[in-house]
Amino acid sequence: MADQARARRLAKRIAQIVASAIEHQIKDPRLAKVTITDAKVTGDLRDATVYYTVLGDTVDAPPDLAGAAAALASATGVLRSLVGQGTGVRFTPTLAFIADTVPDTARQMDELLAKAREADAEVARIASGASPAGEADPYRAPREAEEDEAEGVAEATAAEPADGELRHR
């Protein structure tokens, strides 16, 4: 089993080689909008998984994932040869291409955050016109009954003799 740091460096180098080859050497038009996002290599350095995303022609147009997957599958042999030349390892790892789900997950999280912001704004709008159910500020003004009780306790403690004093009857 290889060192984990070596596997990470090899994965990074594989991602660089594949991205450069897609951009400069492979002439398939289906790969024009493909971006390599990450690569992972197994601990024995035999298999590499390359993650990619595909951009659409416009912002609203869905990307051609099937065409990009077919183009990457047909270019796997050439890409593996280029990886072998570029890395110099004894055994060139096999390449597997997987569409990256991070952009879709990020889009879903953005939508959920937007819904939460809307709900917070609605609660703030409702709360702005609300009034308290009881007194406006129940903790600041002491109640009259409590004041009367406090005065009675103070008078009673003043009338009691201190320790050591005798009472005369």
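Residues numbered from 1 in each chain as written. Predicted model: local features only at pLDDT ≥ 70, side-chain atom pairs only at ≥ 80, totals over all residues. Heavy atoms only, no water.

- Per an unreviewed UniProt entry, the protein chain goes by the name Ribosome-binding factor A and belongs to Crossiella cryophila.
- Of the protein chain, the UniProt comment under Subcellular location (unreviewed entry) reads exactly: "Cytoplasm".
- Here is the UniProt Subunit (unreviewed entry) comment for the protein chain, exactly as written: "Monomer. Binds 30S ribosomal subunits, but not 50S ribosomal subunits or 70S ribosomes." (UniProt positions renumbered as here; feature names shortened; annotations may be inferred.)

Let's talk about the sheet that holds strand β3 (residues 94-99)
- Here we have three strands laid out as an open sheet, ordered β1-β2-β3, and mixed in their pairing. For this open sheet the edge positions go to β1 (34-41) and β3, each flanked by a neighbour on one side alone. Pairs of neighbouring strands in the sheet enclose a mean axial angle of 30°, with direction left out of account.
- Bridge count for strand β2 (residues 47-54) against β3 is six bridges, and the pairing is parallel. (Pairing = 2+ DSSP bridges. Helix = DSSP H or I, 4+ residues; strand = E, 2+ residues; numbered from the N terminus. Axes fitted to C-alpha atoms, helices over the stretch in contact; angles between N-to-C directions.)

Remarks on unusual backbone geometry
- Despite not being glycine, Leu45 has its phi angle at roughly 60°, a positive value.
- Classification of Leu45 as buried rests on a relative accessible area of 11%. (Buried < 20%, exposed > 50% of the residue type's maximum accessible area, 1.4 Å probe, protein only.)

So, the confidence of the model for the protein chain
- When pLDDT is averaged across the protein chain, the result is 83; 80% of the residues are at 70 or more.
- For the protein chain, helix α5 (residues 144-159) is the element with the lowest average pLDDT, namely 60, and β2 is the one with the highest, namely 93. (pLDDT = per-residue confidence, 0-100.)

A short note on the packing of aromatic side chains
- Inspection of the entire model under this criterion finds zero aromatic pairs.
- Directly above the aromatic system of Phe91 lies the positively charged group of Arg46, at a separation of 4.1 Å from the ring centroid.
- Above the face of the Phe91 ring, Arg80 is positioned so that its terminal group lies 5.6 Å from the ring centre. (Phe/Tyr/Trp six-rings, centres within 6.5 Å; stacked < 30°, edge-to-face > 60°. Lys NZ or Arg CZ within 6 Å of the ring centre and 35° of its normal.)

Brief notes about the pairing of β2
- In this structure, β1 lies alongside β2, joined through seven bridges in antiparallel fashion. Its bridge partner lying in β2, Ala39 is registered against Val50.
- Counting the residues that bridge the hairpin from β1 to β2 gives five residues, and of these Leu45 lies at a positive phi of roughly 60°.

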